[in-house]
Amino acid sequence: MNYTEVQLTVSPDFIDILTAELAELNFESFVETDEGLNAYVQEADFDPEALRELVAKYSSMTAIAYQINSLEKRNWNAEWERDYEPIEVANTVRVRASFHESNPAFRYDLVINPKMSFGTGHHETTAMMMEQQLALDFTGTTVLDVGSGTGILAVLAARMGAASVLAFDIEEWAVENARENADLNDCPQITVFQGTIADVDPTSRYEVVLANINRNVLLAEIPTYTTLLKPGGSLLVSGFYQHDAVDIRQCAVDAGLTPGTALTLRDWSSLLFTKPA
């Protein structure tokens, strides 16, 4: 398949925000550069008008320019191997690629080869989700990971003692990537399938539901997550801007959940909710 490359020249302060915005426009892979950000999307999914509107949206906030290139082939592994550095969360979790050496100083040493999937821990939303997970007791639990991407959250849940983790993503390549990462971390209790929340057995119940997606999906699906939670269970969400946290919180409260810990990092938020016992 052919890909379109968009080379963005922009301040480093806007790279994370633009990465999330471009992911909403079907961009699949991102590489930070000295000038800003390179983003890649399948040629058939590229919408030049949507890109122009996105650039216009941020042009009043920062100097931004872009160039579009057509690529017949791309060595994706070479791209992320060149730029992927390990990250650390709360001095407890270290996320690295398979070509990095392990570090026994960390309780959880996770191996995540991202390929084209979202979720290496480098983005604020993923890092906050992992930090929130560290405060939960996963021992013997059943977990649902919504929109799993690389499977990083599912892997951490499994490594923290979850008995069963069901993860899913709408993209076939993300599902394959999550399965590979589950194997890399020796997590046989993780099952990954391609689909949406509508494909989850409505009679199933989980102690923990993880959803690092986006505002619109969360607002539409939080009532379903609540139904799938066992009494006393936890819903952990992220993938939205700080100014959207009010709407997310209200949606969860309306669904019968109790607000818990809230984290913010730059412009992003993560919220924890519990279902009354």
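Thresholds applied
Residues numbered from 1 in each chain as written. Predicted model: local features only at pLDDT ≥ 70, side-chain atom pairs only at ≥ 80, totals over all residues. Heavy atoms only, no water. Pairing = 2+ DSSP bridges. Helix = DSSP H or I, 4+ residues; strand = E, 2+ residues; numbered from the N terminus. Axes fitted to C-alpha atoms, helices over the stretch in contact; angles between N-to-C directions. Contact = heavy atoms within 4.5 Å. Buried < 20%, exposed > 50% of the residue type's maximum accessible area, 1.4 Å probe, protein only. Salt bridge = Lys/Arg side-chain N within 4 Å of Asp/Glu carboxyl O.

**Student:** Would you mind going over the sheet that holds strand 1 (residues 3-10) with me for this structure?
**Tutor:** Strands in a sheet are paired, the pairing made by backbone hydrogen bonds, and the direction either parallel or antiparallel. Taken in spatial order, the four strands make up an open sheet running 2-3-1-4, and their pairing is antiparallel. The strands lining the two open edges of the sheet, one partner per strand, are strand 2 (29-32) and strand 4 (64-71). Neighbour-to-neighbour, the strand axes of this sheet turn through a mean angle of 20°, independent of strand direction. In terms of strand pairing, strand 1 meets strand 4 through eight bridges, oriented antiparallel. Note on strand 4: the bridge partner recorded for Glu-5 is Asn-69. Against the sheet, helix 1 (residues 15-24) contacts strand 1, strand 2, strand 3 (36-42) and strand 4, and its axis sits at roughly 10° relative to strand 3.

**Student:** Help me understand helix 4 (residues 124-133) in this model?
**Tutor:** For an α-helix the count is 3.6 residues per turn, leaving residues at separations of three or four pointing the same way. Helix 4 sits mainly inside the fold: nine of its 10 residues count as buried. Within helix 4 the residues assigned to the buried category are Glu-124, Thr-125, Thr-126, Ala-127, Met-128, Met-129, Met-130, Gln-132 and Gln-133.

**Student:** Any chance you could explain the pairing of strand 2 here in plain terms?
**Tutor:** The side chains of a regular strand alternate, residue by residue, between the two faces of the sheet. Burial along strand 2 is one-sided: Ser-29 and Val-31 are buried, and none of Phe-30 and Glu-32, which face the opposite way, are. With four bridges joining them, strand 2 and strand 3 adopt antiparallel strand pairing. Residue Val-31 lies in a different strand from strand 3, and its bridge partner there is Asn-38. Linking strand 2 to strand 3, which pair antiparallel, is a turn of three residues.

**Student:** Can you help me understand the pattern of salt bridges in this one?
**Tutor:** When their charged atoms lie close together, side chains carrying opposite charge are able to pair. Tallied over the full model, the rule gives eight salt bridges. Residue Glu-49 pairs with Arg-52 through a salt bridge whose shortest N-O separation is 2.7 Å. Residue Glu-49 and its partner Arg-52 are both found in helix 2 (residues 48-59); the two are separated by three residues, about one turn of the helix. On the basis of relative accessible area, Glu-49 is assigned to the partly exposed category, the value being 37%. With its nearest N and O atoms 3.0 Å apart, the salt bridge here joins Glu-207 to Lys-230. Of the two residues, Glu-207 is situated in strand 11 (residues 206-212) and Lys-230 in strand 12 (residues 229-241); the sequence distance between them amounts to 23 residues. What makes Lys-230 partly exposed here is its relative accessible area of 29%.

Worth remembering: the numbers are spatial, not functional.
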